[in-house]
Amino acid sequence: MRHLIEKTVLVALTTFSIGLPAFSQEEQVLEFAPGAQGDIKPSIMQMLDNSKKLGEAWKDQLNIQKADDFGVKLNVDDLRTRALNNPRVRALLDADGGEASGEAERQRYDNQRVFLFLSFSMPEQVLHTAMIEAKRFDVPIIMRGFVNNSVFDTQTAIQRVFKDDAASIGYGIDPTMFTRFNINAVPQIVVVTDQLDVCETQGCELDVPPPHDKIAGNIPIEAALEIVARGGGEASEVAAKLLEDKR
């Protein structure tokens, strides 16, 4: 009986082993983490190769649109200038206190006769000194545009230059003023004799500026006003009065 049982077990084990796949010593049994689904098919490399081939096929079929497809060559600087000249855009960016109408432009420069033209590209120390002087003489600071055309980058630049005093520094973004007085370099100080009116042409490109005197160079505002006052030019009386009021 015992011999019969041992023989039966031996036959059963032999039969079971026949049904299992055979592994050579060179092959390894793969082990997967709990919950894994086993081999990924197709392989990652094959998927990447298929994606590359699909991308190349699409590239051959795409029709890349060029800037002059419609007969117009785009000038980014011109588009930026025209956008900033638009009162609605300036109001949206709060570049002029949210005022968008022609009457608001009159009010903004109503009592101003002296303007300081600066740029965020100027050295930080020069910019800092100029803005502090402008605040002392109540002279509005005019910038052509934003840093990198970004309000956020401009705020960062102001914060970097003025730190804790940044909130008290005021300036305006007005490319029309640069156009009106033909300002091609900064810093410059413009002293006008009459009140500035709204632009009559697009971006003030063809507007005739009011009588004025202009001083270019990195000199203090007080010194520039003294030069204008003693020069006997169009706006000498305006400069002399401002100096008298601030002393």
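A brief structural summary. None of the values given here were measured: they were computed from a predicted structure.

**Focus on helix α7 (residues 151–162)**
Thought 1: The end-to-end C-alpha distance of α7, which contains 12 residues, comes to 16 Å, matching closely the 16 Å that a straight helix rising 1.5 Å per residue would cover.
Thought 2: Every buried residue of α7 is accounted for by T154, A157, I158, V161 and F162. Summarising the axial view, the buried residues of α7 lie within an arc of 105 degrees, below the 170-degree limit, and thus occupy one face.
Thought 3: If you follow the buried residues of α7, they end up packed against α6 (124–137).
Thought 4: Phi for K163, located one or two positions after α7, is positive at around 50 degrees.

**Brief notes about the sheet that holds strand β1 (residues 114–118)**
The pairing of strands in a sheet happens through backbone hydrogen bonds and is either parallel or antiparallel.
Thought 1: Read across the open sheet, the five strands follow the order β3-β2-β1-β4-β5; overall the sheet is mixed. The open sheet is flanked by β3 (172–173) and β5 (212–216), the only strands paired with a single partner.
Thought 2: Against the sheet, α6 touches β1 and β2 (141–143), its axis set at about 165 degrees to β1.

**As for the packing of α6 against α7**
Thought 1: Between α6 and α7, whose axes approach to 10 Å, the crossing angle comes to 85 degrees. Relative to α7, the element α6 lies roughly perpendicular. Side by side, α6 and α7 meet where E124, L127, H128, M131 and I132 of the first sit next to I158, R160, V161 and F162 of the second.
Thought 2: Its residues placed into classes, the contact of α6 with α7 shows six nonpolar, one polar and two charged.

**Remarks on helix α9 (residues 221–231)**
Thought 1: Within α9, the full set of buried residues consists of I221, A224, L225 and V228. Along the long axis of α9, the arc covered by the buried residues comes to 100 degrees, so they all point the same way.
Thought 2: Residues of α9 that are buried in the fold lie against β1, α6, β4 (188–192), β5 and α10 (236–246).
Thought 3: G232 lies just past α9 and shows a positive phi near 70 degrees.

**Here's the deal with the packing of α6 against α9**
The description of two helices packed together rests on the angle between their axes and the distance between the axes.
Thought 1: Where α6 meets α9, the axes come as close as 9 Å, and the angle between the chain directions of the two elements is 60 degrees. Taken together, α6 and α9 sit at an angle that is classed as oblique. Between α6, through A130, E133, A134, R136 and F137, and α9, the contact on the second element is made entirely by I221, E222 and L225.
Thought 2: Class assignment of the residues belonging to the contact of α6 with α9 gives a composition of five nonpolar, no polar and three charged.

**A closer look at the nonpolar core**
Thought 1: Ranked by size, the top nonpolar core spans 32 residues in total, and within it L116, L118, L127, M131, M143, V191 and L225 carry the most contacts.
Thought 2: If one sorts the elements of this core by residue count, α6 sits on top with five residues.
Thought 3: Apart from the residues lying within four places of it in its own chain, the contact partners of L127 are L118, S119, F120, M122, M143, V161 and F162.
Thought 4: Ranked by size, the runner-up nonpolar core spans 11 residues in total, among them Y109, F117, I142 and L196.

**As for the pattern of salt bridges**
Thought 1: A full pass over the atoms with the stated rule returns four salt bridges.
Thought 2: We note a salt bridge from D49 to K53, for which the minimum N-O separation is 3.3 Å. One end of the pair, D49, and the other, K53, are both in helix α2 (residues 44–61), four residues apart, so they sit about a helical turn from each other.
Thought 3: With its nearest N and O atoms 3.1 Å apart, the salt bridge here joins D245 to K241. Here D245 pairs with K241, and both are found in helix α10, just four residues apart, close to one helical turn.
Thought 4: The exposure class assigned to D245 is partly exposed, which follows from its relative accessible area of 49%.
Thought 5: On the basis of relative accessibility, which here comes to 52%, the residue K241 falls in the exposed class.

Cut-off values and rules
- Residues numbered from 1 in each chain as written.
- Predicted model: local features only at pLDDT ≥ 70, side-chain atom pairs only at ≥ 80, totals over all residues.
- Heavy atoms only, no water.
- Helix = DSSP H or I, 4+ residues; strand = E, 2+ residues; numbered from the N terminus.
- Expected span 1.5 Å × (residues − 1).
- Buried < 20%, exposed > 50% of the residue type's maximum accessible area, 1.4 Å probe, protein only.
- Arc of directions from axis to C-beta.
- Contact = heavy atoms within 4.5 Å.
- Pairing = 2+ DSSP bridges.
- Axes fitted to C-alpha atoms, helices over the stretch in contact; angles between N-to-C directions.
- Parallel < 35°, antiparallel > 145°, perpendicular 65-115°, else oblique.
- Nonpolar A, V, L, I, M, F, W, Y, C, P; charged D, E, K, R; others polar.
- Core = buried A, V, L, I, M, F, W, Y, C linked by side-chain atoms within 4.5 Å.
- Salt bridge = Lys/Arg side-chain N within 4 Å of Asp/Glu carboxyl O.

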